[in-house]
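Architecture at a glance
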Amino acid sequence: MKMMGRIIVVGAGFSGSILARKIAEELGYSVIVIERRSHIGGNAFDEVDEHGILVQKYGPHFLNTNHYEVIRFLKQYGALHPHNARLLSFIDGSYVQLPFNFTSVQQLIGAEKAESLLAKLREAFYGRDRVPILELVDHADPDISGYGTLLFEKAYRTYTSKMWGIQPEQIDKYVLERVPMAMNYDERYLNKDFQYLPTEGFTKLFENMLDHPNIEVRLNTDALSLLRLEEDTGSIYFEGEKVDCLVYTGAIDELFGRKYGLLPYRSLDIRYEYYADSTSVLPCEIISYPQADGYTRKTEYHKLMKDYNKAQGSVVATEYPLQYDPDAEVGNIPYYPVMTEESNLLYQKYLNDAKKYNGLFLCGRLAEFKYYNMDICIEHALAYFDNVKDYLGDLS
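First, a word on what this report is: a plain description of the structure on this page. Everything quoted here is computed from the prediction, not taken from an experiment. (Residues numbered from 1 in each chain as written. Predicted model: local features only at pLDDT ≥ 70, side-chain atom pairs only at ≥ 80, totals over all residues. Heavy atoms only, no water.)

Details of the packing of helix H1 (residues 14–26) against helix H11 (residues 374–395)
What counts is decided by this rule: Only C-alpha atoms enter the line fits that serve as axes; for helices the fit covers just the stretch in contact. Angles between N-to-C directions range over 0 to 180 degrees. A run of H or I in DSSP counts as a helix once it spans at least four residues, and a run of E counts as a strand once it spans at least two, with each numbered from the N terminus. The scheme is simple: roughly parallel for angles under 35 degrees, roughly antiparallel for over 145, roughly perpendicular for 65 to 115, oblique for anything else. For any pair of crossing helices, the crossing counts as left-handed if the nearer helix is rotated counterclockwise from the farther one by less than a right angle, and right-handed if it is rotated clockwise. Contacts: residue pairs with any heavy atoms within 4.5 Å of one another.
It is at 9 Å that the axes of H1 and H11 come closest, and there the two elements cross at 40°. The pairing of H1 with H11 is recorded here as oblique in orientation. By crossing handedness, the relation of H1 to H11 is classed as right-handed. Along the contact surface, H1 presents Phe-14, Ser-15, Ile-18, Leu-19, Lys-22, Ile-23 and Glu-26, while H11 presents Met-374, Cys-377, Ile-378, Ala-381, Leu-382, Tyr-384, Phe-385, Val-388 and Leu-392.

Structure representation (structure tokens):
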């Protein structure tokens with residue numbers, strides 16, 4: 001273990017845990033990981049309930065990537081099994097294929113009308129696997145544009161307005177591009193080469209990742225109450241002692257006392273129903289409900305388990321999005337940054353303040369105010385380690 005000033009990592013989700021492990025193992029420094037909640041794993045935390053069902057407490061997550069080095073890294077900390085996520089969307093009283101694909105076209109406008117449209121889609125988007133919905137909406141061909149508009153109004157607008165609390169026109173375009181249409185009959189929700197789930201759950205993966213003699217984990221601890229940022233000198237203090245490196249993965253506005261105002265995040269109210277006499281409540285593991293009142297999706301968790309026969313009955317989780325409020329009893333956990341032109345300008349103010357401090361590294365969805373998918377979050381943390389490594393190398 002190398003002796004130097006304290007290295008602090010705030011947050012035990014993927015970003016914080018990956019960076020803590022790599023700093024401890026590859027660089028040999030001691031690391032203190034501070035987590036506000038009573039568990040590690042961030043929003044990927046899961047646990048087996050009293051019915052033997054592995055439930056992801058903050059909504060469903062999957063491991064998916066086009067880069068096998070990500071899978072190789074994660075396999076060091078637990079067994080993974082292949083799993084291609086399968087979803088449906090409930091529209092106009094019927095289940096429609098999701099991702100929206102050529103099957104969805106036939107389901108929404110009928111097979112006879114679909115024939116000419118499918119030919120046009122193949123020609124217009126030749127060689128492309130997935131196409132963002134707005135490309136369809138804005139296409140010069142009236143049939144393609146008409147279908148894109150139909151799909152947008154029935155699914156994207158309704159889902160987005162519930163999920164984000166604003167209209168699609170106000171949200172960052174990147175958010176709408178996260179669920180493109182498949183230009184084929186591919187039923188995989190994500191068109192990534194390598195798709196897995198941790199066999200023993202995400203929490204076990206995190207336990208093994210943070211199990212290192214150079215890592216100390218403190219749960220139920222508010223790091224902000226122990227941190228002090230000295231603007232004049234650019235120094236950071238933890239428990240009264242100067243810190244050489246602070247990796248911060250929490251909400252950036254919290255770090256600076258929300259001096260410029262509260263950055264907007266969305267949260268979730270997740271409600272559970274247990275079905276003792278049924279082992280299959282939904283037609284697939286996740287259903288999207290763009291037209292339902294208040295909720296956006298349902299997940300039947302035992303269908304995500306490798307050995308689901310051990311489960312008794314079934315648990316379905318229903319997600320109700322709501323505005324994040326740090327003082328509320330429900331909705332006090334920030335899940336998703338609401339990326340608009342206004343919020344991005346506010347974020348830049350906090351980012352400019354962060355640049356004043358030596359050894360402060362912001363990594364992750366909340367700290368960087370970006371809507372990272374989990375695969376991007378993992379890949380980003382692995383690459384981001386080089387920044388920390390270079391900085392610590394200059395200090396030693």
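On we go from here.
Focus: helix H8 (residues 202–209)
How we decide: Burial classes follow relative accessibility: with a 1.4 Å probe on protein chains only, a residue under 20% of its type's maximum area counts as buried, one over 50% as exposed, and anything between as partly exposed. Working note: the arc is built from the helix axis to C-beta atom directions.
Residues of H8 that are buried include every one of Phe-202, Thr-203, Leu-205, Phe-206 and Met-209, and no others. The arc that holds every buried residue of H8, seen down its axis, measures 155°, which confines them to one face.

Re the environment of Ile-32
Mapped onto the fold, Ile-32 is located in strand E2 (residues 29–34). On the accessibility criterion, Ile-32 (9% relative accessible area) is buried. Separated by 18 residues in sequence, Ile-32 and Phe-14 place their C-alpha atoms 15 Å apart. Among all residues touching Ile-32, those that are not within four sequence positions of it are Arg-6, Ile-7, Ile-8, Val-9, Glu-216 and Arg-218.

Some words on the nonpolar core
Heads up, the condition is: For the purposes of this section, nonpolar cores are sets of buried Ala, Val, Leu, Ile, Met, Phe, Trp, Tyr and Cys residues that join through side-chain atoms within 4.5 Å.
Residues Phe-14, Leu-74, Leu-121 and Leu-360 are the most contacted members of the largest nonpolar core, which totals 124 residues. Looking at this core, the element that brings in the most residues is H11, giving 9 residues. Leu-74 has contacts with Phe-14, Leu-63, Leu-80, Leu-205, Met-209 and Ile-378, leaving out every residue within four places of it along the chain.

Note that every value here comes from positions in space, so none of it alone points to a role or purpose.
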